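Each chain, written out:
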Amino acid sequence: MSVFRILPAILLAAAFCLSPVAAVPPAHAAGGSDPAPAAKPVDPNFTEGRKAIDAKNFTAAIPLFQAVVAKDAQNADAYNWLGYAYRNLGNYEQSFAHYTKALEIDPRHRGAHEYIGEAYLKTNQLEKAEEHLKRLDSLCLFGCAEYTELKNKIAAFKAGKPS
């Protein structure tokens, strides 16, 4: 085997051995004395809201997610699901308001970009939907489900087959 074929692997192994990550003491890496930050407890209203969404009971989901954002006004996921529920009930004004709030909190929220794009298609605003597709394209370097979904919905819209 040529030295030129194995040289990249040797250099990579050497770089890893010299990296700060490799210098972490084993006790710390195994969970030493520094406590890990506690996981944020899941709000039961959020859990029930997701169950309502999965069951397509959008009317029941709304007050559950409203309770979540009443306790945590920075919960972009809850605002996204509120937008989703309102969109599926045909209330686009409320849908846009909640997706916008989710994106104000987290401008990189892929789900909110996908769903607001779909709401724009439902209200015949193709250009705005395409803006969110472009944003998803920049967020999803190697592709993502949200980008693919919105891209397919835009293609169907353009073909006269809105979903």
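Remember, it's a predicted structure, so these values are computed and weren't measured experimentally. (Residues numbered from 1 in each chain as written. Predicted model: local features only at pLDDT ≥ 70, side-chain atom pairs only at ≥ 80, totals over all residues. Heavy atoms only, no water.)

Describing the state of the cysteines
- In this structure the tally under the stated criterion is one disulfide.
- At a sulfur-sulfur separation of 1.9 Å, the disulfide partner of C140 is C144. The chirality of the disulfide connecting C140 with C144 is right-handed, given an S-S dihedral of about 55°.
- Residue classification places C140 among the buried residues on the basis of a relative accessible area of 5%.
- With relative accessibility at 12%, the residue C144 sits in the buried group. (Disulfide = S-S within 2.5 Å. Buried < 20%, exposed > 50% of the residue type's maximum accessible area, 1.4 Å probe, protein only.)

Some words on the pattern of salt bridges
- The tally for this structure, following the rule as stated, stands at seven salt bridges.
- Notably, a salt bridge pairs E48 with K51, separated by 3.3 Å at the nearest N-O pair. Separated by three residues within a single helix, E48 and K51 lie in helix α3 (residues 44-54), roughly one turn from each other.
- Given a relative accessible area of 37%, E48 falls into the partly exposed group.
- One salt bridge connects E130 with K158, and the closest N-O pair in it is separated by 2.8 Å. Of this pair, E130 sits in helix α8 (residues 126-139) while K158 sits in helix α9 (residues 145-158), and the two are 28 residues apart along the sequence.
- E130 gets classed as partly exposed once you look at its relative accessible area, which sits at 23%.
- Through salt bridges with shared partners, a single ionic network connects R87, E118 and K153. (Salt bridge = Lys/Arg side-chain N within 4 Å of Asp/Glu carboxyl O. Helix = DSSP H or I, 4+ residues; strand = E, 2+ residues; numbered from the N terminus.)

Side note on the nonpolar core
- Core analysis: the biggest nonpolar cluster contains 38 residues, and I53, F65, W81, L82, Y84, L121 and I154 have the highest contact counts within it.
- Elements represented by at least two residues in this core include exactly α3, α4 (58-71), α5 (76-88), α6 (92-105), α7 (110-122), α8 and α9.
- Sequence-distant contacts of I53, that is, excluding residues within four places in its chain, are made with F58, A61, F65, W81, Y84 and A85. (Core = buried A, V, L, I, M, F, W, Y, C linked by side-chain atoms within 4.5 Å. Contact = heavy atoms within 4.5 Å.)

These figures capture arrangement, not role.
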